[in-house]
Amino acid sequence: MPTYITHVDVNEGQFQNPQEFVSIWGAIREDIQELGGDVEETYAILGDYDFHVRFTVESSETAFQVTQVIERHGLDTKTMEALPLDRVGELVEDI
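What comes next is a walk through the structure. Since the structure is predicted, the reported quantities are computational estimates derived from the model, not experimental observations.

### Topic: the sheet that holds strand β1 (residues 3–10)
Spatially, four strands are ordered β2-β3-β1-β4 in an open sheet, and the strand pairing comes out antiparallel. The open sheet has two free edges, formed respectively by β2 (38–44) and β4 (75–82), since each of these has just one partner strand. The mean angle between the axes of side-by-side strands here comes to 20°, regardless of whether they run parallel or antiparallel. When β1 meets β4, the two strands line up antiparallel, connected through eight bridges.

### Description of the packing of aromatic side chains
What the rule picks out here adds up to one aromatic pair. A ring pair is formed by Y4 and F55, whose centres lie 5.7 Å apart and whose planes are at 20°; its orientation type is stacked. Separated by 51 residues along the polypeptide, Y4 in strand β1 and F55 in strand β3 (residues 51–56) bring together distant segments of the chain. We note that Y4, like F55, is buried.

Quick notes on the rules
Residues numbered from 1 in each chain as written. Predicted model: local features only at pLDDT ≥ 70, side-chain atom pairs only at ≥ 80, totals over all residues. Heavy atoms only, no water. Pairing = 2+ DSSP bridges. Helix = DSSP H or I, 4+ residues; strand = E, 2+ residues; numbered from the N terminus. Axes fitted to C-alpha atoms, helices over the stretch in contact; angles between N-to-C directions. Phe/Tyr/Trp six-rings, centres within 6.5 Å; stacked < 30°, edge-to-face > 60°. Buried < 20%, exposed > 50% of the residue type's maximum accessible area, 1.4 Å probe, protein only.

Here it is as structure tokens:
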């Protein structure tokens, strides 16, 4: 399955406390699983975004649905498709 990386930005004032965000993230994770996706890793990060989420889904259409699931909770996303480095090596060899 293709792998996608989403950077998630929490808008200031969106959540009253960290516990509220954690409970919402549980609901988001369940919604992603219902779409057939698998959340592989989630990190809190320092920088321009607040969280980094790596997930796999069957198609780019489903990846779009995943971003909508996250955004409907008031979070902003930036999503990219990722290729494993060994796969990139294979692709370069074919050129």
